[in-house]
Amino acid sequence: MDHAEQVAQIKTLMARLDSGTTVDAGGFRLNPVRVYTDPDLAARERAEFFDAHPQIIGLSDDLPEPGSFLTMNDLGTPILATRDRDGHFRAFVNSCRHRGVVLEERPRGSARRFACPFHSWTYDIGGALVAIPKPEHFGDIDQDCHGLVELPAEERHGLLAVHPQPGGTVDIDGMLGDELAAELASWGLDRLAYLGADIYGAACNWKLAMDTYGETYHFTTLHENTLAMYYYGNVQCYDTYGRHHRMLLVLKAIDDMRDLPEDQWNIGKVTLPVYWLFPNVQLMPFALGCFLVRAYPDPADPGRHTSHIAFYCWSDEMPESMRGEALKMMKERLGNVIRDEDYRVSASQQVTANSGAVEHVVFGRNEPALHHFHNTYRAVLGMDPLPLLETVS
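Cut-off values and rules
Residues numbered from 1 in each chain as written. Predicted model: local features only at pLDDT ≥ 70, side-chain atom pairs only at ≥ 80, totals over all residues. Heavy atoms only, no water. Helix = DSSP H or I, 4+ residues; strand = E, 2+ residues; numbered from the N terminus. Rg over C-alpha atoms; globule rule 2.2 N^0.38 Å. Buried < 20%, exposed > 50% of the residue type's maximum accessible area, 1.4 Å probe, protein only. 1 Å grid on protein atoms, 1.4 Å probe; cavity = no way out; pocket = protein on both sides within 12 Å on 5 of 7 lines; lining within 4 Å. Points joined across faces, edges and corners; volume = space filled by probe spheres on them. Nonpolar A, V, L, I, M, F, W, Y, C, P; charged D, E, K, R; others polar. Pairing = 2+ DSSP bridges. Axes fitted to C-alpha atoms, helices over the stretch in contact; angles between N-to-C directions. Arc of directions from axis to C-beta. Core = buried A, V, L, I, M, F, W, Y, C linked by side-chain atoms within 4.5 Å. Contact = heavy atoms within 4.5 Å. Salt bridge = Lys/Arg side-chain N within 4 Å of Asp/Glu carboxyl O.

Student: Go over the overall build of the chain with me, naming the residues and quoting the values.
Tutor: Per the secondary structure count, the chain includes 11 helices and 19 strands. Taken over C-alpha atoms, the radius of gyration comes to 22 Å for the chain, in line with the 21 Å a tight globule of 393 residues would show. For the chain, the spread of C-alpha atoms along the principal axes amounts to about 80 × 50 × 35 Å. A buried classification covers 52% of the 393 residues belonging to the chain.

Student: Talk me through empty space enclosed by the protein; I want residue IDs and the actual numbers.
Tutor: It is a probe the size of a water molecule, rolled over the atoms, that shows where empty space is left. For the structure on display, the rule yields two cavities of 30 Å³ or more. Within this model, the largest cavity holds a volume of roughly 60 Å³. As for the largest cavity, its lining consists of Asn31, Val35, Leu41, Glu45, Lys207, His374, Tyr377, Arg378, Leu381 and Met383. Counting residues per element, the lining of the largest cavity draws most heavily on helix H11 (residues 368-380), which supplies three residues. Its residues assigned to classes, the lining of the largest cavity comprises five nonpolar, two polar and three charged. When its volume is computed, the second largest cavity comes out at roughly 40 Å³. Around the second largest cavity sit Ala42, Glu45, Arg46, Asn205, Trp206, Pro297 and Pro302, which together line it. Along the lines of polarity and charge, the residues of the lining of the second largest cavity split into four nonpolar, one polar and two charged.

Student: How would you sum up the sheet that holds strand E5 (residues 89-93)? Please name residues and give values.
Tutor: With respect to topology, four strands assemble into an open sheet ordered E5-E4-E3-E6, the strand pairing being antiparallel. On the outer flanks of this sheet lie E5 and strand E6 (108-110), each paired with one strand and no other. For this sheet the average axis-to-axis angle between neighbouring strands, irrespective of direction, equals 20°. The pairing of strand E3 (residues 68-72) with strand E4 (residues 79-83) spans four bridges and is antiparallel. Its bridge partner lying in E4, Phe69 is registered against Thr82.

Student: Provide a residue-level description of helix H5 (residues 178-187), including the pertinent values.
Tutor: Within H5 the residues assigned to the buried category are Leu180, Ala181, Glu183, Leu184 and Trp187. The buried residues of H5 occupy an angular sector of 165° when the element is viewed end-on, so they sit on one face. Set apart from the buried face of H5 by more than 90 degrees, the exposed residues are Asp178 and Glu179. Trailing H5 by a residue or two, Gly188 shows a phi angle of about 65°, which is positive.

Student: Account for the pairing of strand E16 (residues 281-285), with residues named and values stated.
Tutor: Taking burial as the measure, the five residues of E16 include five buried ones, the bulk of the element. The side-chain alternation of E16 yields two buried faces, one formed by Val281, Leu283 and Pro285 and the other by Gln282 and Met284. Bridging between strand E15 (residues 271-277) and E16 involves three bridges; their strand directions are antiparallel. The partner of Trp276 across the bridge, within E16, is Gln282. Linking E15 back to E16 in an antiparallel pair, the connection comprises three residues. Both E16 and strand E17 (residues 289-298) contribute to a ladder of five bridges, which runs antiparallel.

Student: Quick one: what's the story with the nonpolar core, residue by residue and with numbers?
Tutor: Counting residues in each nonpolar core, the largest one holds 67 residues, and the members touching the most others are Ile57, Met284, Tyr343 and Tyr377. With eight residues, helix H10 (residues 323-355) is the single largest residue contributor to this core. Apart from residues lying up to four places away in sequence, Tyr343 is in contact with Tyr200, Ala202, Ala209, Thr212, Tyr213, Val293, His305, Ser307 and Ile338.

Student: Which residues make up the layout of surface pockets, and what values go with them?
Tutor: Considered as a void within the structure, the largest pocket measures approximately 500 Å³ in volume. Every residue lining the largest pocket is counted, 27 residues in all, and those nearest its centre are Leu227, Tyr231, Leu251, Leu272 and Phe291. Where the lining of the largest pocket is concerned, the elements lending two or more residues are strand E14 (244-251), helix H9 (267-270), E15 and H10. Counting residues per element, the lining of the largest pocket draws most heavily on H10, at five residues. Of the residues that constitute the lining of the largest pocket, the class distribution is 18 nonpolar, five polar and four charged. The space that makes up the second largest pocket amounts to roughly 340 Å³. Forming the walls of the second largest pocket are 21 residues, and the residues nearest its centre are Thr71, Arg108, Ile199, Arg294 and His308. Only strand E2 (55-59), E3, strand E12 (192-202), E17 and strand E18 (301-314) provide two or more residues apiece to the lining of the second largest pocket. Taken together, the residues that form the lining of the second largest pocket break down as 11 nonpolar, four polar and six charged.

Student: Quick one: what's the story with the pattern of salt bridges, residue by residue and with numbers?
Tutor: Overall, the coordinates contain 19 salt bridges when judged by the stated rule. Where Asp84 meets Arg90, a salt bridge forms, and the shortest distance between an N and an O atom there is 3.1 Å. The residue Asp173 makes a salt bridge to Arg156 at a minimum N-O spacing of 2.6 Å. With Asp173 in helix H4 (residues 172-176) and Arg156 in strand E10 (residues 153-156), this residue pair connects regions lying 17 residues apart in the sequence. In this structure, a network of salt bridges that share partners links the residues Glu5, Glu183, Asp239 and Arg246.

This is how it looks when you write it as structure tokens:
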């Protein structure tokens, strides 16, 4: 975010704090609760948003050096992502070409080669088949034609994106749009160092998980003893970028910035920018580092999902001796709050939705991200938008 934009956004937030106002969606929307429970809709979402759409799977330092790898099993396709000998980001179907066994089961690490646990067919970090035991017994096979099946992959602006289908395409700038791509590039996400991650299985629909990041109206109640100690609730700036958006959550430290000249104003020190990247990513860069949240639906139960929450620091600003303490702090400040507070009430919402006793929930005027989330999902699926209402009764 360039400095002029930072100053403009900070001034807007200060004005809203002074006047007791916040962003206004212009009305209400009623969201039917069946969108959190309908198995047919869940199947359509999985096919359209996950199986047939490029996925952000991490940031550049998730693969910090040649020989690094990571795996993921949250999509229909098992994925093995690597950084090859030349430092290029690659992605493959994590499956041996002999009998289809999953090749690498570790979540991340470093390796020169991958050996199948079934018959020890072996592949290098670039996916090439380099060894077959007893080839004179197996028979004559062209190893050059039996490397790992490669998936479309692109690394840009510090983001790692993969399409889970071999015939798909990945274009990060096209997916983000020019304005948002330029803004994310300005953060220098490729300077982030990976610290660690948590994985939470939660008894709520993946969209309910996304909804928790869509407003700060709940901060003073649900997060009274956690986030509300550092953030002002129910005050934000909000902007959309096609299918994506940016929210700015306000740290109480903004009060100290009023005494500084504008050339010293820094958005990362007084807000938590929250970028929603369609369909399932929340990206939150800030002064110390970044949070990356990815939510994946349970393929068997619309009422469950899995969230991956990764933590990063700015590699050029934090020595390695401090990173363990930084990870602990980040987990306490956000990771544990998401698990123990946000996802706890999301599971409660899911219980009500599952009962079928309530027809819809209400998105208020101060919850524009929820309006945008759900009408974006609906548009991609060819559903009618939720109408904007002046009043609800």
